[in-house]
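The lines below spell out each chain.
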Amino acid sequence: MYDSDIRALLYKDLSKEPMYIDDCSTIIIPEMSILNGYVRIDVAVINGLFHGYEIKSDMDTLQRLPRQAEFYGKVFDEMVLVTTPKYIEQVQNIVPSWWGIKYYNENNELINFRYCSCNNNVDPYSRLTLLWKDELIELLCQYSDKKYKSKTKFALIDIIIKEVPQDIILEYTREAIKLRDDWRADSIPQLCDVL
């Protein structure tokens, strides 16, 4: 089974997931860059949480998975590894215990091998790197009358980390990304229409 096969099946299954279809603001972002493009998650789903789905097909190796797990843990509230029976035993020893693990069997049915739990170690700085400079300035303007246009993106993030509560940062990043007009994301209804 190839990555594209798993991805197509996953999109179909995500379009039936109650926690996503019950929230009309849910967006799905394929190949989302995180940590300033250092890595990409196969599928990101954003609604009330940041959900990440990493795909490992029969054609993949697991060499990069420990490093990916470290990076994804800085950004995502929940993570699910989606694979095939080939890797099911190996991956459970690689990814953190809060990750869910699912696989597609020979009938293309999605099997839950391990349920995910919430990641309590999301890094606000890493989450802020997902935002564009104007989104960072908008957040800062809610807390200060100063002018920030001359600051670099990273200088803005440093200021936000010092001045804005963590829960506000995590909520704001979710909402800012969901509200983007110029963004390559699909809603669940769009995804359903494609399939």
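As a reminder, the structure under discussion sits directly above these lines.
Residues numbered from 1 in each chain as written. Predicted model: local features only at pLDDT ≥ 70, side-chain atom pairs only at ≥ 80, totals over all residues. Heavy atoms only, no water.

Participant: What's the story with the environment of Tyr38 in this structure? I'm lost.
Facilitator: Inspection of the secondary structure assignment puts Tyr38 in the loop between strand E1 (27-34) and strand E2 (39-46). Sequence separation between Tyr38 and Phe71 is 33 residues; the distance between their C-alpha atoms is 9.1 Å. If we skip the residues at most four places from it in the chain, Tyr38 touches Arg67 and Phe71. (Helix = DSSP H or I, 4+ residues; strand = E, 2+ residues; numbered from the N terminus. Contact = heavy atoms within 4.5 Å.)

Participant: Is there a simple way to think about unusual backbone geometry in this case?
Facilitator: Apart from glycine, the bulk of residues carry a negative phi angle, and the bulk of peptide bonds sit in the trans form. A positive phi angle is found at Asn36, which is not glycine, with a value near 60 degrees. The partly exposed category is assigned to Asn36, whose relative accessible area is 44%. Its identity as a non-glycine residue notwithstanding, Asn108 has a phi of 60 degrees, on the positive side. Under the relative-accessibility criterion, Asn108 is labelled partly exposed at 40%. (Buried < 20%, exposed > 50% of the residue type's maximum accessible area, 1.4 Å probe, protein only.)

Participant: Honestly, the side chain of Asn47 in this entry has me stumped. Any pointers?
Facilitator: Its location among the elements puts Asn47 in the loop between E2 and strand E3 (50-55). Apart from the residues within four sequence positions on either side, Asn47 is in contact with Met19, Tyr20, Asp23, Thr26, Arg174 and Lys178.

Participant: For this particular structure, what's the right way to read the pattern of salt bridges?
Facilitator: Side chains that differ in sign of charge can pair as their charged atoms come close. Scanning the model with the defined rule gives nine salt bridges in all. In this structure, Glu135 and Arg180 form a salt bridge, with 2.7 Å as the shortest nitrogen-oxygen distance. Taken together, the residues Glu135 in helix H6 (residues 133-141) and Arg180 in the loop between helix H8 (166-178) and strand E7 (186-187) connect sequence positions 45 residues apart. The same class applies to Glu135 and to Arg180, which are both buried. Among the salt bridges present, the one from Lys178 reaches Glu175, with a minimum N-O distance of 3.3 Å. With Lys178 and Glu175 both in helix H8, this residue pair falls three residues apart, about one helical turn. One salt-bridge network, held together by shared partners, links Asp3, Arg7, Glu31, Arg40 and Asp42. (Salt bridge = Lys/Arg side-chain N within 4 Å of Asp/Glu carboxyl O.)

Participant: How should I be thinking about the pairing of E3 in this particular structure?
Facilitator: Looking down a regular strand, the side chains alternate between one sheet face and the other. Most of E3 sits inside the fold, with six of its six residues counted as buried. Burial along E3 is two-sided: Phe50, Gly52 and Glu54 facing one way and His51, Tyr53 and Ile55 facing the other are all buried. For E2 and E3, the ladder comprises four bridges, and the chain directions are antiparallel. Bridge assignment links Val43 to a residue of E3, and that residue is Tyr53. Joining the antiparallel neighbours E2 and E3 is a turn of three residues. This β-α-β element, E3 to helix H3 (residues 65-75) to strand E4 (residues 78-83), shows right-handed connectivity. (Pairing = 2+ DSSP bridges. Right-handed = clockwise from strand over helix to strand, strands pointing away.)

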